[in-house]
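Understanding the architecture of this molecule
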Amino acid sequence: MPGYSDPGFDTLALHAGAQPDPATGARAVPIHLSTSFVFESSDHAAALFNLERPGHVYSRISNPTNAVLEQRVAALEGGVGAIAVASGQAALHLAVSTLMGAGGHIVASTALYGGSQNLLHYTLRRFGIETTFIKPGDINGWRAAVRPETRLFFGETVGNPGLEVLDIPTVAQIAHEAGVPLLVDSTLTSPWLIQPFAHGADLVYHSATKFLSGHGTVIGGVLVDGGSFDWEGSGRFPELTQAYEGFHNMVFSEESTVGAFLLRARREGLRDFGACMSPHTAWLILQGIETLPLRMERHVHNTEKVVQFLASHPFVARVGHPLLQAHPSHALARKLLPRGAGSVFSFDLKGDRAQGKKFIETLKVFSHLANVGDCRSLVIHPASTTHFRMSDEALAAGGIGQGTIRLSIGLEDADDLIDDLQRALKAAEKAAEKAGA
Amino acid sequence: MYIEVNGARTFCYTGGKPFDAAKPTALLIHGVLNDHSVWGWQSRYLAHHGWNVLAVDLPGHSASAGEAPASVEQAADFIAALLDALHIDRAALVGHSWGSLIALEAASRLGARVSHLALVGTAFPMKVSPALIDAALNAPEKALKMVNVFSRSTLAPPSGAGFWVYGAGMALGRRVLRSNPQVNVFHRGFVACDSYAGGEQAAAALQCPVLFALGTQDQMTPPKAAQGLIQAARSAGVPVKVAHLPVGHHQMSEAPDATLFALRDFLM
């Protein structure tokens, strides 16, 4: 029954969480650049602090503009709510720190963004949180890695940059059998390509810097709760099921059957670690989300054309996109990602590192920088940049070689992108000829 | 807190304050496929403003064990047993949707033991379409979506930082349904609403002030469907107050402050 009460994805992308401003009539979401909000009375102040009434106190913890973004992303994901934070990394940290402390253990995919791998492998280890890394397709490995102290499973919808598709239904089932939630980084797919909650995931986050914002202008993250995980039933999460002295002795799972995680994450992690999002950033991300469906359709369309071009080019050794039958996740992608597996992927040149350098430096439409999900097309060499801290073994486990090049396909004319790639490939080939002469 | 009622472990959310027999008590009763958490804002406020709050999970729902009530009358028996179990002499009853019928029936039976009766999103008769009853049994996800859609009136509810009430409504329904593997409480609750015939008789027997808190955009229990009960309560000679809230059926999450103020002004 489509309509105002049962809106579709495109309508939610424009309207969820927002209405014309009751004070001014402004149709666009106002930017509430105010640190704090005036109380109506002492009783109102106390009620806001004690969660007796809805409202905003201080913008580190909540803000009206951010609240619209949070509702909108939750709506697009099919979640119960969300928390906007300073970056995707902050979203991952907030999820982990809400669920565990020192002594906790995570089972994570090997196919992760380098920054996530860094946080789990190095930084959280320093704080007593261990991670076991499992190849996303190693189903028995996920099961075998569970320990009594395991508190979280974690993977990316499609691994960065090899695009190994996470078998969310299967991995979620193993996580639930172990009594822990599955957290999914859905940055590279956005809710337009996949809604992980519908497949069994419990928590989702985005680096909103990428496709949600879509214009390469802001850094931000959003953490979403599907409200499906039974924290009481698990018995592994006293953080959510026992009184928390740090906030009115609140028992979050009693307070909200489906919102316990978000309550604690906001009232502890966001409050104390302080990685909040600027309302101006939230507004820019909202601007991006308004056109997310249109942009994603074009991203996917252009990617299909570029993948076809590269796959047939004689100087290209491998194209790592599930569109191709040779990709190990081809079948799984067709099942979980019928609209497409995204526009960020890697490929290998038939050449050495110097030729790879020549290729990147010859490109003109593609910009050489460390980001993905921009409306402009981007290129980078992962082994020397985004994933440079990883060992050769870890790189190989993540599907990254020394000659791997990552592309993020933008919204330009596909023919212009192909022309740019064609010229750069030719230049790279010639570079080898010169070296051999 | 957990207490034993009729031999079954029963959960009551107390709004963040321990139960204190010296304070007046407000017993909050949820609707079909809901639980105590739908009263979150109102519970905390009342509990921190001089009231004992008991936002109960009905038997067989969410954290409460026991046989899920198959009728409004059975549920009213449970409410009386709950008050007895806690040795509460007198309480205000607050109910939403199906819970409003339970509160009404219980109030008519308990007489002077009920100090106030607040009916939020109520109607009598509370007929449920055969198609929806059937879907609740055979296609609960589809029925849940229908109910969720019919219960909401805005895409921008002021429900607290970051919560999306459409999604929260769906997730809560799934959780409550999953909480009882023996009985489909969705179907059983709708059948109980649909088959309840004692509304006007119960209203005629009331001995306490009554509040009707009605959503002007409510598609599930539109205000016109409460008029018979309002007349019956007035005919009973008890004080009747009608509050019109500019929202849909899920008043507590779509208009948490307006719902709270209506309750506060009525109870305090």
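All of these numbers come straight from a predicted model, not from anything done at the bench.

So, how was this worked out
Within any chain, residue numbers begin from 1 and follow the written order of that chain's sequence. A letter from A marks each chain and a number from 1 marks each ligand, given out in the order of writing. Residue-level local features of this predicted model are given only where pLDDT is at least 70; pairs of side-chain atoms are given and counted only at 80 or more, and the full residue set underlies all totals for whole chains, interfaces and linings. Note on conventions: DSSP H or I runs of at least 4 residues are helices, E runs of at least 2 residues are strands, and numbering of each starts at the N terminus. Only C-alpha atoms enter the radius of gyration, while the globule expectation follows 2.2 Å times N to the 0.38, with N the number of residues. Here, residues touch in the contact sense if the C-beta positions derived from the backbone fall within 7 Å of one another. Exposure in this text rests on C-beta crowding, where 20 or more other C-beta atoms within 10 Å of a residue's own make it buried, 12 or fewer make it exposed, and counts in between make it partly exposed. The C-beta atoms are placed from the backbone. One confidence number per residue, pLDDT, is output by the predictor and ranges from 0 to 100. By definition, two strands form a pair when at least two bridges between them are found by DSSP. All axes here are fitted lines through C-alpha atoms, helices being fitted over the stretch that makes contact, and every angle between N-to-C directions spans 0 to 180 degrees. In what follows, roughly perpendicular refers to angles from 65 to 115 degrees, roughly parallel to angles under 35, roughly antiparallel to angles over 145, and oblique to any angle outside these ranges. Each residue gets one of three labels, nonpolar for Ala, Val, Leu, Ile, Met, Phe, Trp, Tyr, Cys and Pro, charged for Asp, Glu, Lys and Arg, and polar for the others, Gly among them. By definition, any crossing whose near helix is turned counterclockwise from its far helix by less than a right angle is left-handed, and any crossing with a clockwise turn is right-handed. Residues enter a nonpolar core if they are buried, belong to Ala, Val, Leu, Ile, Met, Phe, Trp, Tyr or Cys, and are joined to the set through C-beta atoms within 7 Å. Segmentation of the chain into domains, including their bounds, is taken from an automatic or database domain assignment.

What follows concerns the overall build of chain B. Of regular secondary structure, chain B possesses 11 helices and eight strands. The C-alpha radius of gyration computed for chain B amounts to 17 Å, which stays within 12% of the reference 18 Å derived for 268 residues, consistent with globular compactness. Projecting the C-alpha coordinates of chain B onto the three principal axes gives extents of approximately 45 × 40 × 40 Å. When contacts within chain B are restricted to residue pairs at least 6 apart in sequence, long-range pairs at least 24 apart make up 76% of them.

Next up on the list: the overall build of chain A. Within chain A, the regular secondary structure consists of 18 helices and 12 strands. The C-alpha atoms of chain A give a radius of gyration of 22 Å, which matches the 22 Å a tight globule of 437 residues would have. For chain A, the proportion of its 437 residues judged to be buried stands at 55%. A sequence separation of at least 24 residues applies to 72% of the contacts in chain A between residues at least 6 apart.

Quick look at the confidence of the model for chain B now. Residues of chain B with pLDDT of at least 70 account for 100%, and the chain-wide mean is 96. Interface confidence in the predicted complex, given as ipTM, is 0.96; pTM for the same model is 0.96.

A word on the sheet that holds strand β4 (residues 150-156) of chain A. Residues and elements named next belong to chain A. Taking strand neighbours across the sheet as the criterion, the seven strands line up as β1-β7-β6-β5-β4-β2-β3 in an open arrangement whose pairing is mixed. This sheet does not close on itself; its edge strands, each paired only once, are β1 (81-85) and β3 (130-134). Between one strand and the next, the sheet's axes are offset by a mean angle of 20°, whatever the strand orientation. By the bridge criterion, four bridges tie β4 to strand β5 (residues 182-185) in an arrangement that is parallel. What sits directly across from Phe 153, in β5, is Leu 182.

The next subject is the packing of helix α4 (residues 130-138) of chain B against helix α5 (residues 140-151) of chain B. Residue and element names in this part refer to chain B. Relative to each other, α4 and α5 sit at 130°, their axes nearing to 6 Å. It follows that α4 is oblique to α5 by the angle criterion. Contacts from Leu 132, Ala 135 and Ala 136 in α4 reach Pro 140, Lys 142, Ala 143 and Met 146 in α5. Grouping the constituent residues of the contact of α4 with α5 by class yields six nonpolar, no polar and one charged.

Before going further, it helps to spend a moment on the interface of chain B and chain A. Between chain B and chain A, the residue contacts involve 32 residues of the former and 41 residues of the latter. Of all the secondary-structure elements, those providing two or more residues to the side of chain B that touches chain A are α1 (40-47), α6 (165-178) and α11 (256-267) of chain B. For the side of chain B that touches chain A, the element with the highest residue contribution is α6(B), accounting for seven residues. Residues that form the side of chain B that touches chain A fall into these classes: 16 nonpolar, 10 polar and six charged.

We now examine the environment of Pro140(B). All names here are of chain B. Examined against the element boundaries, Pro 140 turns out to sit in helix α5. Sequence separation between Pro 140 and His 187 is 47 residues; the distance between their C-alpha atoms is 8.4 Å. Excluding residues that lie within four positions of it along the chain, Pro 140 makes contacts with Leu 177, Asn 184 and Phe 186.

Relative orientation and spacing of two packed helices are given, respectively, by the angle between their axes and the distance between those axes. All names here are of chain A. At a minimum axis distance of 8 Å, the contact between helix α3 (residues 64-77) and helix α13 (residues 279-290) shows a crossing angle of 35°. The way α3 lies across α13 gives a crossing that is left-handed. Between α3 and α13, the contacting residues are Thr 65, Asn 66, Val 68, Leu 69 and Arg 72 on the first element and Pro 279, Ala 282, Trp 283, Ile 285, Leu 286 and Ile 289 on the second. Classifying every residue of the contact of α3 with α13 gives eight nonpolar, two polar and one charged.

All names here are of chain B. Spatial ordering of the open sheet is given by β1-β2-β4-β3-β5-β6-β7-β8, a layout of eight strands whose pairing is mixed. The outermost strands of the open sheet, each flanked by one partner alone, are β1 (2-5) and β8 (240-245). Taking the axes of each pair of neighbouring strands and ignoring which way they run, one obtains an average angle of 25° across the sheet. Inspection of the sheet shows strand β6 (residues 114-120) paired to strand β7 (residues 210-215) by four bridges, in the parallel sense.

In this structure, Val85(A), Leu223(A), Leu93(B), Val94(B) and Leu117(B) are the most contacted members of the largest nonpolar core, which totals 222 residues. Ranked by residues supplied to this core, first place goes to α6(B) with eight residues. Here this core gathers at least three residues from each of two domains, domain 1 (9-288) and domain 2 (293-436) of chain A. Those residues in contact with Val85(A) that sit more than four places away from it in its chain are Ala90(A), Ala91(A), Leu94(A), Gly221(A), Leu223(A), Leu270(A), Ala275(A), Cys276(A) and Met277(A).

Right, let's talk about the domain arrangement of chain A for a bit. Residues and elements named next belong to chain A. Taken as a whole, chain A is organised into domain 1 (9-288) and domain 2 (293-436). With centres defined by C-alpha atoms, the gap from domain 1 to domain 2 works out at 30 Å. With 31 residues of domain 1 in contact, the opposing surface of domain 2 contributes 35 residues. When residues of the side of domain 1 that touches domain 2 are traced back to their parent elements, those giving at least two are α1 (9-15), α5 (114-126) and α8 (190-193). Residue composition of the side of domain 1 that touches domain 2, by class: 13 nonpolar, 13 polar and five charged.

So, about the pairing of strand β2 (residues 8-13) of chain B. When β1(B) meets β2(B), the two strands line up antiparallel, connected through four bridges. Each bridged residue has a counterpart across the sheet, and for Ile3(B) the counterpart in β2(B) is Thr10(B).

Note the cis peptide between Phe124(B) and Pro125(B), where omega equals -10°. Of note, Pro125(B) is situated in the loop between β6 and α4. Residue Asn249(A) is not a glycine yet carries a positive backbone phi of 55°. If you trace the backbone, Asn249(A) turns up in the loop between α10 (238-241) and α11 (252-255). A positive phi is found at Leu33(B), a non-glycine position, where the angle reads about 60°. With respect to the helices and strands, Leu33(B) occurs in the loop between β3 (25-29) and α1. Of the residues examined, Leu33(B) has 29 C-beta atoms within 10 Å and is grouped as buried.

Attention shifts here to the environment of Glu4(B). Mapped onto the fold, Glu4(B) is located in strand β1. Excluding its chain neighbours within four sequence positions, the residues that come into contact with Glu4(B) are Arg9(B), Thr10(B) and Ala85(B).

A separate point is α1(B). Counting buried residues in α1(B) gives eight out of eight residues, a clear majority hidden from the surface. Those residues of α1(B) that fall on the buried side of the exposure criterion are Gly40(B), Trp41(B), Gln42(B), Ser43(B), Arg44(B), Tyr45(B), Leu46(B) and Ala47(B).

A few words now on the pairing of strand β6 (residues 203-207) of chain A. Successive side chains on a regular strand alternate, one facing one side of the sheet and the next facing the other. Residues and elements named next belong to chain A. Counting buried residues along β6, five of its five residues qualify, which places the element largely inside the surrounding structure. Alternating positions in β6 separate into two faces, Leu 203, Tyr 205 and Ser 207 on one and Val 204 and His 206 on the other, with burial throughout. Summarising the sheet, β6 and strand β7 (residues 221-225) pair through five bridges and their orientation is antiparallel. Bridged to Ser 207 within β7 is Gly 221.

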